[in-house]
Amino acid sequence: MARQPLNVFIRGTRDYVQGSQILGRTAELVGNDPPAVLVSAKFTKITERGVLAVFDGEAPGDLAELGRAQFATDAGRQTVQFFEVVGDKAPPIEDVPRVTANFETDGKGTGSATFTITGTFESYLVAIIEFVKAVHAKRGDRVTDIWFTALMGARLPLAASYPETGTLRLTPKIERMVDGRLQTLSLVDTEGDDNAPPQFQICFSCVVEND
Amino acid sequence: MTREEALTAITKALTTTVGDIDGTLGEDTNLVDEGMLDSLDSMTFLFELENDLGLKLEAIDETYEDFRVGSIVDIVVAATS
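About the criteria used
- Each residue is numbered by its place in its chain's sequence as written, counting from 1.
- As a convention, the first chain written is A and the first ligand written is 1, with the rest following in written order.
- Note on the predicted model: pLDDT of at least 70 is required for a residue's local features to be given, and 80 or more for side-chain atom pairs to be given and counted; whole-chain, interface and lining totals, by contrast, use all residues.
- A helix here means a DSSP run of H or I that spans at least four residues, while a strand means a run of E at least two residues long, and both kinds are numbered starting from the N terminus.
- As a reference, a globule follows 2.2 Å times the number of residues to the power 0.38, and the radius of gyration itself is taken over C-alpha atoms.
- Each residue is classified by how many other C-beta atoms fall within 10 Å of its C-beta atom, where C-beta atoms are placed from the backbone; a count of 20 or more means buried, 12 or fewer means exposed, and values in between mean partly exposed.
- It is the C-beta atoms, placed from the backbone, that decide contacts: two residues are in contact if theirs lie within 7 Å.
- We define a nonpolar core as a collection of buried residues of the types Ala, Val, Leu, Ile, Met, Phe, Trp, Tyr and Cys that are connected via C-beta atoms lying within 7 Å of each other.
- An automatic or database domain assignment supplies the residue ranges for each domain.
- Working rule for helices: expected span equals 1.5 Å times residues minus one.
- As used here, the arc belongs to the directions running from the helix axis to the C-beta atoms.
- A pair of strands counts as paired when DSSP detects no fewer than two bridges linking them.
- Between the N-to-C directions of two axes lies an angle of 0 to 180 degrees, each axis being a line fitted to C-alpha atoms and, for a helix, fitted only over the stretch in contact.
- Angular relationships are summarised with four words: roughly parallel below 35 degrees, roughly antiparallel beyond 145, roughly perpendicular across 65 to 115, and oblique for the angles in between.
- Here a crossing is taken to be left-handed if its near helix is turned anticlockwise relative to the far helix by less than a right angle, and right-handed if that turn runs clockwise.

Would you mind showing me how to read the overall build of chain B here?
When its secondary structure is counted, chain B shows 3 helices and 0 strands. Moving toward the C terminus, one meets the helices and strands of chain B in the order α-α-α. Taken against the 2.2 N^0.38 rule, which gives 12 Å for 81 residues, the C-alpha radius of gyration of chain B at 11 Å falls within 12% of a compact globule. Judged by the C-alpha coordinates and their principal axes, chain B covers about 30 × 25 × 20 Å. Taking all 81 residues of chain B together, the buried fraction comes to 28%. Look at the contacts in chain B between residues 6 or more apart in sequence, and 68% of them connect residues 24 or more apart.

Just checking my understanding: could you explain the overall build of chain A for this structure?
Looking only at helices and strands, chain A has 2 helices and 14 strands in total. Its C-alpha atoms give chain A a radius of gyration of 17 Å, within 12% of the compact-globule value 17 Å for 211 residues. Counting only C-alpha atoms and orienting by the principal axes, one finds that chain A spans roughly 45 × 40 × 35 Å. Each of the 211 residues in chain A was classed as buried or not, and the buried ones make up 37%. Summarising the internal contacts of chain A: among those between residues at least 6 apart in sequence, 69% fall at separations of at least 24.

Quick question: what am I supposed to make of the nonpolar core here?
In this structure, L38(A), V51(A), A127(A), I128(A), V132(A) and I10(B) are the most contacted members of the largest nonpolar core, which totals 69 residues. No other element matches the 10 residues that helix 2 (residues 121–137) of chain A contributes to this core. Here this core spans two domains, since at least three of its residues come from each of domain 1 (3–93) and domain 2 (100–209) of chain A. If near-sequence neighbours (up to four positions away) are discounted, V132(A) is found in contact with L170(A), S186(A), I202(A) and F204(A).

Hey, could you run me through helix 3 (residues 69–80) of chain B in this one?
Side chains three or four residues apart in an α-helix point the same way, a direct result of the helix having 3.6 residues per turn. All names here are of chain B. The terminal C-alpha atoms of helix 3, which comprises 12 residues, lie 16 Å apart, in line with the 16 Å expected from a rise of 1.5 Å per residue. Taken together, the buried positions of helix 3 are V69, I72, V73 and V76. End-on view of helix 3: buried residues confined to an arc of 105°, all on one side of the axis. Elements in contact with the buried residues of helix 3: helix 1 (3–18) and helix 2 (39–53).

I tried to follow the interface of chain A and chain B on my own but got confused; where do I start?
By convention, interface size is frequently given as the accessible area that disappears when the constituent parts associate. Contacts between the two partners involve 14 residues from chain A, matched on the other side by 9 residues from chain B. At the level of secondary structure, the elements contributing two or more residues to the side of chain A that touches chain B comprise strand 10 (142–152), strand 12 (165–178), strand 13 (181–191) and strand 14 (200–209) of chain A. Sort the elements by how many residues they give to the side of chain A that touches chain B and strand 12 of chain A lands first, with 6 residues.

Sorry, what's going on with the pairing of strand 5 (residues 65–73) of chain A here?
Working note: regular strand, side chains alternate between the two faces of the sheet. Pairing of strand 3 (residues 37–43) of chain A with strand 5 of chain A, which is carried by 6 bridges, proceeds in the antiparallel orientation. Looking at strand 5 of chain A, one finds that A41(A) is bridged to A69(A).

Where do I start with the packing of helix 1 of chain B against helix 2 of chain B in this structure?
Residue and element names in this part refer to chain B. Between helix 1 and helix 2, the least distance of the axes is 8 Å, while the angle of their chain directions is 130°. Comparing the axis directions of helix 1 and helix 2 gives the class oblique. As helix 1 runs across helix 2, the sense of the crossing is right-handed. Residues A9, I10, K12, A13, L14, T16, T17 and V18 of helix 1 lie in contact with helix 2, whose contacting residues are D41, T44, F45, E48, L49, D52 and L53.

Quick look at the structure:
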């Protein structure tokens, strides 16, 4: 399994492959025997094309790196790098309904929302990213190019063990302006049943314009 | 906090962010210019540093750009005095 193309799609009206899909398909390849968790992920480029996952292997020098993720089991850690596949766009797929509701924010990066998901690893990622994106969208009069760029310090099980309903809370910690883009690092807290994952850090990037 | 203690805290935050570093950090080292931190890593580094110190470094706002170690030592020493 040194190199494996991921079965990813362009969902709805988007013009990029979602990070949640990339991590979700990779998690299926990593498997959960022994039980594994996602520790970190970092995306430096978006793509509308296919994605190749390289598992603890030599990076293909002719492909553009999209990012990387680190998974952990009791036996150790495994790093996976993602590369853009040269070729056609990823195939389209229908969008899915929103999974967060009762959204609240102070417009400065703090927010909360409830979620209803299927309890899988990918459905939880979708809820997190939808929620954090919504918080960032309210940070100015016009907020564009809102991207999920990283998560760190996480212990997110790959098993379908997440609460199906609960509340997400976002607390901003670090903000930086880099090349005209606002970059943020925030803490995500999940309230649900006993299976709610522990707090972790999430990074987003966006362009904020105010009148 | 002394400058030496501040440097130790900065080294710890850097190691947590990017893993082991070669050699020791000097005050003239620029963490960004010398490629030790990219823009994403710089946020993680600042988060880890503030977390370890248990305080917000108010001098480092969203426009802060000086990642020379000596400058960050100055800020940590001032914030903890």
